[in-house]
Every structure is written in structure tokens, then in C-alpha cells.
Amino acid sequence: MSSDLDVFVGNTTLIDEEVYRLWLDGHSVAEAVARRLQGGVLEREGTSVAVLQSDTRDHYRTFQMLERLLHAPPRLLQQLLFQIPPERQALLVQRYQGQTGQTGGAGRDWDISTWGHWEGLEGDWEDWERAQGSGAPLTPFPHRDYAAIVFFANSRFETGKRRLQFLSFGDFAACAQSMMGHWSQGALAPEAAEPDGDLPKSFLQDLKELKVLVTDKDLLDQHKSLVCSALRGKISVYNELEANFKALSRALVNVGGKLTHARDVRDFFVDLVEK
């Protein structure tokens, strides 16, 4: 019995935009395969489920290797490992950063400043490492900035939308520190072996239970009293907070209750500003 095997070898990295979107949305390989099957890919391509699974896994491996370069687009342009046409590189970066459909610099100012901040930190790190062995006096390394960038990249938070442009890198870094200190796996379960930057699904699921804070009047009043007591005299917008506490609490609880979905986690800051 004989069989035919067709082999194609090339140096251009093939990108399937449909699979890329599924990967960006946080779907597993199995979920991506199921969605491609629902879309009728077998009929269009005349292939088998086994080949579809292998193709999807291969694309996911490629995207995972590309991810570190998508964090710093200048490096994507300079690298030689992945042969990707410039226009396709731009598409990958735009979709990764959530900027599809935006043109001009205004919508991407924060992303560009972040890339520059990342590049600067890497240079600082290299200088700091060299100084360790030279006997030169060492200054504290800005590891918190590194941690903030890695944390946001790991959870793929959207930070580049036009409506978020009034926020600085320092604002986002402060949020990252607070979230890592209170929401992360390392903060909630220090004994766990998972990375500190992970947002535990069980914790995000528990946030749904906070709805009771806006549906039960007694709990709402108690919550307002505790929050206002803790913040009185400490923030400049205290009077506004106290006057609008019910609306603000409801909006925050609604945002938190949706964080079980990958897309809603990514849009966390956008939702906070809008709602």
C-alpha cells in the first residue's frame, strides 16, 4: 500500500487571522478548533479534523513565540526569526494592542510611550547588571515598572483606547501594583505555585457575589459607611464620592461581575471610564 505526502517548505510565517482573533480572545486550542468547525472550515478547505487540530496548535505556538515581540513592536521590526511582511506585522500589533480601526497618533500615544518605557527599562537593566560586577555603586532598579508592564501584558489589559489617553503610565503602574497586591494569585494564595501576576478565575467568579451590595439596602448603607469612613479627609473628591456613592457602587459592582470573561478583563479600564 502506498501513500502520498505533500511537503511545502518556505520561510514566510503564515498567519491565519481567524485563529489569531481566537487566540487574542483567550480561547484554548480546543475551543478554537470547535469555533473553526462551526464556521465551516472543513467544507471550505476540504481537510480533516485531525489536520485542523494540528494547524490550530501550530498557529498557537507561533503566536505564543511572537507575543514577547508584540509587547515591543520595534523589536518585531528588527528581528529575523519570523519573516512577516511589514503590513502584516502592523496588523498583528494593532490587533494585539486593541487598536484596529484607529488611525493617527492620538489613539496610540500611551502604547508608544509604554514601548519606549520598556526599551528604556531594558537598557537600565543591562547597565545595572554590568555595574554589579564592576564595583560601581548601585542605585535601586525600577523593578515595579517592569512588574507593571509584565502584569498588564500577561492579562492583556486594553490601555491604548482614545478614551484612556488622559491616563499616564504612572497611573496604570499604580493600578497594576494595587491589583497585584490584592487580586493576584500571589496575594490571595501565596503558597500556590502559580505566577503572582495571574488573576485567579475563582476570585473573579466570586466578584459576582458582590451584587448583594447594591440589591440589599442595609448592606449598601453599611458599605457606604465603611468606605466613607476610610476615605474621609484622604481624597480630594470625597464630597462627590459621598453624594454619588450608590451610582458609583452599582457601576463598580457591575464591572466586577463581568470579569469572568476574557474580553471583559481586557476591557476593564475602558469599562471603568465609561461606566
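Higher on the page you've got the structure.
Residues numbered from 1 in each chain as written. Predicted model: local features only at pLDDT ≥ 70, side-chain atom pairs only at ≥ 80, totals over all residues. Heavy atoms only, no water.

Participant: An account of the pattern of salt bridges is requested, with residue identities and associated values reported.
Facilitator: As enumerated under the stated definition, the model contains 10 salt bridges in all. A salt bridge links Arg36 to Asp16, with the nearest nitrogen and oxygen atoms 3.5 Å apart. Of this pair, Arg36 sits in helix 2 (residues 29-38) while Asp16 sits in the segment before helix 1 (17-24); the two residues are 20 residues apart in sequence, bridging distant segments of the chain. Of the charged contacts in the structure, one is a salt bridge between Arg263 and Asp25, with a shortest N-O distance of 3.1 Å. Separated by 238 residues along the polypeptide, Arg263 in helix 16 (residues 262-266) and Asp25 in the loop between helix 1 and helix 2 bring together distant segments of the chain. Arg263 sits in the partly exposed class, given a relative accessible area of 45%. Of the residues examined, Asp25 reaches a relative accessible area of 21% and is grouped as partly exposed. Counted as one network, the salt bridges with shared partners bring together Asp16, Arg36 and Asp55. (Salt bridge = Lys/Arg side-chain N within 4 Å of Asp/Glu carboxyl O. Helix = DSSP H or I, 4+ residues; strand = E, 2+ residues; numbered from the N terminus. Buried < 20%, exposed > 50% of the residue type's maximum accessible area, 1.4 Å probe, protein only.)

Participant: How would you explain the side chain of Ser249 if you had to name every residue and give the values?
Facilitator: Mapped onto the secondary structure, Ser249 falls in helix 15 (residues 245-257). In this structure, Ser249 is in contact with Val214, Leu220 and His223, ignoring residues within four places of it in sequence. (Contact = heavy atoms within 4.5 Å.)

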